[in-house]
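Observations on the three-dimensional arrangement
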Amino acid sequence: MTIRRRFAMAMAVYGTLAAAAIVLAPLVGSTTIDLGRVFDFSTPFSENVDAQIFFVARLPRTLAGALVGAALASAGVVFQGLLRNPLATPFTLGVSAGAALGAMLAITFDWTLGIAGLSAVPAAAFLGATGAVSIVFALARARHRGLSTDVLLLAGVTLNAFFSALILMVQYFADFADSYRTLRWLMGDLDVSSYQPLLSALPLLVVAFAAFAWLARPLNLLSMGADSAETRGLEVASAQRRAFFSASLATGAAVSVGGPIGFIGIIVPHLVRLMVGSDHRVVLPASALFGAAFLVGCDVLARTLLAPVELPVGVITALIGGPFFLWLLVRKQ
Amino acid sequence: MIPFHGRTRAGSNGTAVIAAVAAAVAVVLVLAGRPSAGASQPSGHPARIISVIPAVTEMLFAIGAGPQVVAVGSFDEYPPEAARLPRVGALLDPDVERILSLRPDLVIVYESQSDLRTQLARVGIGMFIYKHAGLADITTTISALGDRVGRQKEAAATRAAIEAKLNEIQARVQGRPRPRTALVFGRDAGALRGIYASGGVGFLHDMLDAAGGDNIFADVPRQSVQATTELMLARKPDAIVELRSSAVTEAQKTRELSVWKSLPGIPAVRSNRVTIVSDPRTVVPGPRVGDGTELIARALHPEAFPK
């Protein structure tokens with residue numbers, strides 16, 4: 001099969017899956033709503049509780065799941081290609097720990113933005129992610145002309161540990177209710193309750209996805225090693241830089257919306273590779289679509305399994321992802 | 001002999017043995033230094049009490065045992081006399097060394113502080129084991145505490161005062177329509193995210209009940225519920241009371257109340273029955289719980305109380 005046909009096939013299959021998830025997910029939740037009433041536009045919206053639950057609670061939440069899932073899954077693909085390490089995740093290089101530190105500070109000190117008093121948690125998380133990315137990048141570039149993937153990995157792992165210590169310190173001094181909420185933030189939560197957080201993250205994600213589209217071929221070359229990629233005419237250093245920054249941007253934006261939801265960035269790429277092979281021109285878009293469908297599905301479980309008690313969505317992805325990851329490890333050997 | 005033997009076999013093992021022996025000697029020395037501070041003295045009452053739990057510290061001072069208290073926890077701010085005492089950590093980080101050095105004969109410990117409990121038991125210091133529960137448990141705890149520290153009469157009076165206050169509130173709200181209420185005790189600033197409300201058990205639920213409100217999460221058998229957007233919309237609270245333990249400025253209050261405007265489907269939002277109560281009395285299950293309950297009752301039934 002030519003690459004065009006494989007691409008078209010994958011788009012059709014995974015696109016249908018993602019679309020189905022996005023259409024079906026808002027129909028279920030912790031309460032039952034009457035679909036007839038949801039789309040009954042004769043009653044004013046402010047009095048139509050079913051419509052409000054659908055459009056204010058469930059739809060933004062589903063869209064948040066789709067965006068975050070797509071971003072984390074494709075960022076996972078890019079990081080695995082860039083680091084040439086199948087165990088890399090969007091959080092390997094410290095992005096999530098930096099974001100978590102930012103969110104932690106914003107929650108503990110009740111930061112708000114400007115006079116409007118918007119929540120500063122997403123912005124602080126994004127700033128924290130940017131900080132972590134800059135540090136890792138500066139370190140990895142300091143001693144090499146290009147990006148040393150070894151230094152990237154080591155710096156990322158160390159930064160993760162360092163930021164985790166800072167997070168524990170902030171938590172330690174926080175009020176009891178606050179430290180509970182910060183802990184809860186770490187488990188991931190897609191209940192955004194309005195479209196505003198999505199609109200803020202969207203421009204960043206558009207830039208990241210545009211970069212991913214360009215990155216598919218360079219990642220194919222990079223997977224053969226930096227030297228042979230260079231002999232085939234790839235500007236390795238520049239491609240690595242773009243991969244690093246675009247994947248970090250996608251991760252930072254995703255974490256600022258939904259918290260550091262784990263395992264999406266590793267299970268989804270591997271599952272997709274099992275099904276479509278390893279060509280990044282197919283794996284990248286297919287992972288984005290499958291990631292969207294997967295996270296939307298996990299979030300449906302999170303809000304319905306123990307309703308009215310909400311399960312953290314990160315716990316669901318980890319419960320599914322952990323065993324899968326182990327199976328993957330065993331299977332490789 | 002033993003340490004030497006250990007060292008010849010393996011260096012690190014030997015160090016561990018030395019450390020263990022040193023620790024044992026230290027424990028023996030500590031024990032020897034306090035021959036009279038054995039298990040709780042059956043005859044006398046404790047004269048040196050340490051409490052790291054704000055609610056119990058308040059209880060001790062309320063029943064007149066304040067002069068017997070020698071140290072408190074990091075978060076204890078009331079009464080002012082308590083805030084001036086030495087601080088010895090809190091629920092998660094009790095400073096055992098400082099606690100021991102103050103030579104207490106009674107330490108109030110939270111049920112979950114198992115390390116601290118083991119250590120205190122080892123050196124034979126008396127303990128009063130406490131755990132947050134419902135409203136009725138507050139008065140029960142005060143009585144038990146009174147028996148333990150020799151302040152039965154004062155404890156009975158404190159208990160009677162709390163019950164009188166609660167009865168007074170009950171009388172005022174009796175017969176008035178009970179609004180279906182969400183009692184929110186945590187939320188991200190400036191957003192309707194990370195909302196936590198009282199579930200159907202615990203003192204917050206009981207306080208709301210006594211204040212003349214029906215908890216919208218009464219059916220959830222937990223102390224806290226993550227109140228998602230969907231739950232808030234679906235359960236349609238007639239009133240929302242947000243509790244804050246620290247002071248909130250008027251400007252912050254206005255701003256935080258306006259955040260709810262994005263969910264006009266909630267009856268409480270439409271009819272402007274969202275209130276922020278910033279007062280530590282509402283979140284500490286101690287002797288001031290009657291006052292805290294009154295603050296919630298005033299938020300729900302302002303017309304039932306004189307200005």
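Keep in mind the model is a prediction, meaning the values are calculated, not measured. Per chain, residues are indexed from 1 in the order of the written sequence. Written order decides the labels, with chains lettered from A and ligands numbered from 1. A pLDDT threshold of at least 70 governs which residues receive local features in this predicted model, and a stricter bar of 80 or more applies before side-chain atom pairs are shown or counted, although totals over entire chains, interfaces and linings include all residues. Think of the side-chain values as coming from all heavy atoms in the structure, minus any hydrogens and water.

Describing the overall build of chain A
Put simply, the rule is: Only DSSP runs of H or I with at least four residues qualify as helices, and only runs of E with at least two residues qualify as strands; both kinds are numbered from the N terminus onward. Contact criterion: two residues are considered in contact whenever any of their non-hydrogen atoms come within 4.5 Å of each other. Charge assignment in this entry is limited to Lys and Arg as positive and Asp and Glu as negative, and neither His nor the chain termini are counted. Charge coordinates come from a single atom per side chain, which is NZ of Lys, CZ of Arg, CG of Asp or CD of Glu.
Along its length, chain A carries 13 helices and two strands. With respect to the three principal axes, the spread of C-alpha positions in chain A is 65 × 55 × 40 Å. Intrachain contacts of chain A at a sequence separation of at least 6 include 75% that bridge at least 24 residues. A distance of 16 Å separates the average location of the 21 positive side-chain charges in chain A from that of its 16 negative side-chain charges.

A short note on the pattern of salt bridges
Short version of the rule: Only one rule defines a salt bridge in this text: a Lys or Arg side-chain nitrogen within 4 Å of an Asp or Glu carboxyl oxygen. Buried, partly exposed and exposed residues are distinguished by accessible area as a fraction of the type maximum, computed with a 1.4 Å probe on protein chains only: under 20%, between the cut-offs, and over 50%, respectively.
Tallied over the full model, the rule gives 23 salt bridges over all chains. We note a salt bridge from B:Arg281 to B:Asp279, for which the minimum N-O separation is 2.9 Å. The class for B:Asp279 is buried, based on a relative accessible area of 13%. Through salt bridges with shared partners, one network takes in A:Arg61, A:Asp299, A:Arg303 and A:Glu310.

What about the confidence of the model for chain B?
All names here are of chain B. Selection rule: Values of pLDDT, ranging from 0 to 100, describe the predictor's confidence in every residue of the model.
Residue-level pLDDT values for chain B average 85, and 86% of them are 70 or greater. Element-level pLDDT for chain B is lowest in helix 1 (residues 2–9), with a mean of 36, against a maximum mean of 97 in strand 7 (residues 214–215). The low-confidence segment residues 1–17 (pLDDT under 50) makes six contacts with residues lying over four places distant or belonging to another chain. Low pLDDT, under 50, characterises residues 25–42; the stretch is placed with 14 contacts to residues that sit more than four places away or in other chains. In the predicted complex, the global pTM is 0.82; the interface-specific ipTM is 0.81.

Remarks on the confidence of the model for chain A
Residues shown with low pLDDT carry predicted positions that ought not to be read at fine detail. Overall, the predicted model of chain A reaches an average pLDDT of 88, with 96% of residues at or above 70. Per-element averaging of pLDDT across chain A places strand 2 (residues 118–119) of chain A at the bottom with 74 and helix 12 (residues 280–304) of chain A at the top with 95.

Regarding the packing of aromatic side chains
Our working rule: Whether two aromatic rings pair depends on their centres lying within 6.5 Å, for rings of Phe, Tyr and Trp, where Trp uses its six-membered ring; planes under 30 degrees apart make the pair stacked, over 60 edge-to-face, and the rest tilted. Only Lys NZ and Arg CZ are tested; either one counts as a charge over a ring when it is within 6 Å of the ring centre and within 35 degrees of the ring normal.
This structure, assessed with the given rule, holds 14 aromatic pairs over all chains. Sitting above the plane of the A:Trp214 ring, A:Arg242 keeps its charged end 4.2 Å from the centroid.

Section: the interface of chain A and chain B
Let me state the cut-off plainly: What counts as buried area is the accessible surface, traced by a 1.4 Å probe, that two parts surrender upon association, with contributions from both included. We define a polar contact as two N or O atoms separated by no more than 3.5 Å, with the added condition that, inside protein, one atom must be a possible hydrogen donor and the other a possible acceptor, whereas residues neighbouring each other in sequence contribute only through side-chain atom pairs.
Listed as interface residues are 39 residues of chain A and, on the opposing side, 34 residues of chain B. Buried area between chain A and chain B, both sides added, is near 2,900 Å², and the carbon and sulfur share of it is 55%. Ranking the residues of chain A by area buried against chain B places A:Arg181, A:Asp191 and A:Pro308 at the top, with a combined share of 18%. Our enumeration of links across chain A and chain B arrives at two salt bridges. Remark: the boundary between chain A and chain B carries 13 residue pairs in polar contact (both at pLDDT 80 or more). Of all the elements in the fold, those that place two or more residues in the side of chain A that touches chain B are helix 3 (49–83), strand 2 and helix 7 (176–186) of chain A. The leading source of residues in the side of chain A that touches chain B is helix 3 of chain A, at seven residues.

A short note on helix 3 of chain A
Residue and element names in this part refer to chain A. In plain terms, the rule: What a helix is expected to span follows from its residue count: subtract one and scale by 1.5 Å. Take the seven residues that end at a residue and the seven that start at it, fit an axis to each, and the angle between those axes is the bend at that residue.
For helix 3, with 35 residues, the first-to-last C-alpha span of 49 Å sits near the 51 Å given by 1.5 Å per residue. Arg58 marks the point of greatest bend in helix 3, at about 35 degrees, and the proline Pro60 comes within the next four residues. Most of helix 3 is tucked away, with 31 of its 35 residues classed as buried. Arg84 sits one or two residues past helix 3 and shows a positive phi near 50 degrees.

Considerations on the sheet that holds strand 1 (residues 49–51) of chain B
Strands pair in a sheet through their backbones, by hydrogen bonds, and they do so in one of two ways: parallel or antiparallel. Residues and elements named next belong to chain B. Spelled out, the test is: Strand pairing is assigned whenever DSSP detects at least two bridges linking the two strands. For helices, the axis comes from a line fit to the C-alpha atoms of the stretch in contact; other axes are also lines fit to C-alpha atoms, and the angle between any two N-to-C directions lies between 0 and 180 degrees.
Strand order in this open sheet of four strands is 2-1-3-4, and the pairing throughout is parallel. Looking at strand neighbours, the two that pair on one side only are strand 2 (69–72) and strand 4 (126–130), the edges of this open sheet. Along the sheet, successive strands turn relative to each other by an average axial angle of 20 degrees, direction set aside. Pairing of strand 1 with strand 3 (residues 106–110) involves three bridges; the strand directions are parallel. Note that in strand 3 the partner of Ser51 across the bridge is Ile108. Across the sheet, helix 6 (residues 114–122) is in contact with strand 3 and strand 4; its angle to strand 3 comes to roughly 155 degrees. Along the sheet, helix 7 (residues 135–149) makes contact with strand 1, strand 3 and strand 4, crossing strand 4 at roughly 175 degrees.

Focus on unusual backbone geometry
Excluding glycine, residues mostly have negative phi values, and the peptide bonds linking residues are mostly trans. Between A:Ala307 and A:Pro308 the backbone carries a cis peptide bond, its omega angle lying at 5 degrees. With omega at -10 degrees, the peptide bond leading from B:Tyr78 into B:Pro79 counts as cis. Checked against the element boundaries, B:Pro79 lands in the loop between strand 2 and helix 4 (80–83). A positive phi angle, near 50 degrees, is found at A:Arg84, a position not held by glycine.

Considerations on the packing of helix 3 of chain A against helix 11 (residues 264–276) of chain A
A pair of packed helices is characterised by two quantities: the angle between their axes and the separation of those axes. All names here are of chain A. Where we set the bar: Each angle gets one of four labels, with under 35 degrees taken as roughly parallel, over 145 as roughly antiparallel, 65 to 115 as roughly perpendicular, and the rest as oblique. In this classification, the charged set is Asp, Glu, Lys and Arg, the nonpolar set is Ala, Val, Leu, Ile, Met, Phe, Trp, Tyr, Cys and Pro, and all remaining amino acids, among them Gly, are polar.
Between helix 3 and helix 11, whose axes approach to 8 Å, the crossing angle comes to 75 degrees. With respect to their mutual orientation, helix 3 and helix 11 come out roughly perpendicular. Each of Gly69, Leu72, Ala73, Gly76, Val77 and Gln80 in helix 3 lies in contact with helix 11, whose residues at this interface are Ile264, Gly265, Ile266, Val268, Pro269, His270 and Arg273. A per-class count over the contact of helix 3 with helix 11 returns seven nonpolar, five polar and one charged.

What about helix 12 of chain A?
Residue and element names in this part refer to chain A. Counted at 1.5 Å a residue, the expected span for helix 12 with its 25 residues is 36 Å, and the 35 Å between its end C-alpha atoms agrees. For helix 12, the buried fraction is high: 19 of the 25 residues fall into the buried class. A distance of 2.8 Å separates the backbone nitrogen of Arg281 from a side-chain oxygen at the start of helix 12, and that oxygen is part of Asp279.

Considerations on a nonpolar patch on the surface
Residues and elements named next belong to chain A. Keep this limit in mind: Patches here: salt-bridge-free residues with over 30% relative accessible area, like charges joined within 9 Å, nonpolar side chains (Val, Leu, Ile, Met, Phe, Trp, Tyr) joined within 5 Å. The Shrake-Rupley method, run with a 1.4 Å probe sphere, supplies the accessible areas, and residue values consider only the shown protein chains as cover.
Together, Leu183, Leu186, Met187, Leu301, Leu305, Leu306, Val315, Leu319 and Ile320 line one region of the surface with nonpolar side chains, adding up to about 730 Å² of accessible area. Listing elements by their share of the nonpolar patch, those giving two or more residues are helix 7 and helix 13 (313–332). Among the elements that line the nonpolar patch, the one with the most residues is helix 13, at three residues. Residue position: Ile320 is located in helix 13.

Let's talk about the packing of helix 3 of chain A against helix 12 of chain A
Residue and element names in this part refer to chain A. So the rule is basically this: Left-handed describes a crossing whose near helix is turned anticlockwise from the far helix by less than a right angle; the clockwise case is right-handed.
Two elements in contact, helix 3 and helix 12, have axes separated by 7 Å at closest approach and are oriented at 140 degrees. By the angle between their axes, helix 3 is oblique relative to helix 12. Remark: the crossing between helix 3 and helix 12 carries right-handed chirality. Its residues assigned to classes, the contact of helix 3 with helix 12 comprises 12 nonpolar, eight polar and four charged.

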